[in-house]
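# Coordinate inspection notes
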Amino acid sequence: MSDKDVEPADERGYELGPWWMGLGTAGAVALIVFGGLVAAWFFFRLPGTPENLSTGYYQVARLAAVGLVIAGSALLGRRRTRTAADEETNEPERA
């Protein structure tokens, strides 16, 4: 039996990285909207609102901030891609 036939025993069944890594733009918008809805829920003190409102608002702000960072990163990536494509089309052809 060679080393190629043996699978590594320390292989984990999950990817390393943050939970928001694969959300994309739609997921980012969903996080922002969900954060706003939960903040409104806390503001009106509907059932399920925590006793300490500052803790609840802090958690919601973190959730919305993650959404904003993902959305901003996605928009920057699109802008860079578009700028690179425009630069390629504007270059004169060389013979």
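Quick note: structure is the one above.
Cut-offs used in this document
Residues numbered from 1 in each chain as written. Predicted model: local features only at pLDDT ≥ 70, side-chain atom pairs only at ≥ 80, totals over all residues. Heavy atoms only, no water. Helix = DSSP H or I, 4+ residues; strand = E, 2+ residues; numbered from the N terminus. Buried < 20%, exposed > 50% of the residue type's maximum accessible area, 1.4 Å probe, protein only. Contact = heavy atoms within 4.5 Å. Areas by Shrake-Rupley, 256 points an atom, 1.4 Å probe, with all protein chains shown as cover. Core = buried A, V, L, I, M, F, W, Y, C linked by side-chain atoms within 4.5 Å. Phe/Tyr/Trp six-rings, centres within 6.5 Å; stacked < 30°, edge-to-face > 60°. Axes fitted to C-alpha atoms, helices over the stretch in contact; angles between N-to-C directions. Parallel < 35°, antiparallel > 145°, perpendicular 65-115°, else oblique. Left-handed = near helix turned anticlockwise from the far one by under 90°. Nonpolar A, V, L, I, M, F, W, Y, C, P; charged D, E, K, R; others polar.

Right, let's talk about the overall build of the protein chain for a bit. Summing up its helical and strand segments, the protein chain has two helices and zero strands in all. Classification of the 95 residues of the protein chain by burial places 15% in the buried group. Partitioning the intrachain contacts of the protein chain with sequence separation of at least 6 by distance along the chain shows that 57% fall at a separation of at least 24. Summing over all exposed atoms, the protein chain offers an accessible surface of approximately 8,300 Å²; the carbon and sulfur share of this is 59%.

In this section: unusual backbone geometry. Among all residues save glycine, negative phi is the norm, and among peptide bonds the norm is trans. The phi torsion at R45 lies on the positive side, around 50°, for a residue other than glycine. Relative to the helices and strands, R45 resides in the loop between α1 (24–43) and α2 (53–90). Since its relative accessible area comes to 60%, R45 is described here as exposed.

The next thing to look at is the nonpolar core. By size, the foremost hydrophobic cluster in this structure holds five residues: A28, L31, V66, I70 and A71. Looking at this core, the elements that each hand over two or more residues are α1 and α2. Each residue touching A71, except ones within four places of it in the same chain, is listed here: A28 and I32.

Now for the packing of aromatic side chains. As enumerated under the stated definition, the model contains two aromatic pairs in all. Plain terms: the ring middles of F42 and Y57 are 6.1 Å apart, the flat faces sit at 80° to each other, and that makes the pair edge-to-face. On the criterion of sequence distance, the pair formed by F42 in helix α1 and Y57 in helix α2 is long-range, its members being 15 residues apart. Owing to a relative accessible area of 10%, F42 belongs among the buried residues under this scheme. Residue Y57 is classed as partly exposed on the basis of its relative accessible area, which comes to 32%. When the ring of F43 is compared with that of F44, the centres are 5.2 Å apart and the planes differ by 75°; the resulting orientation is edge-to-face.

Let us now look at the packing of α1 against α2. Orientation of α1 relative to α2, taken along the N-to-C sense of each, is 155°, at an axis distance of 8 Å. Between α1 and α2, the crossing angle belongs to the class labelled roughly antiparallel. In this structure, α1 crosses over α2, and the sense of that crossing is left-handed. When grouped by side-chain class, the residues that make up the contact of α1 with α2 number 18 nonpolar, five polar and one charged.

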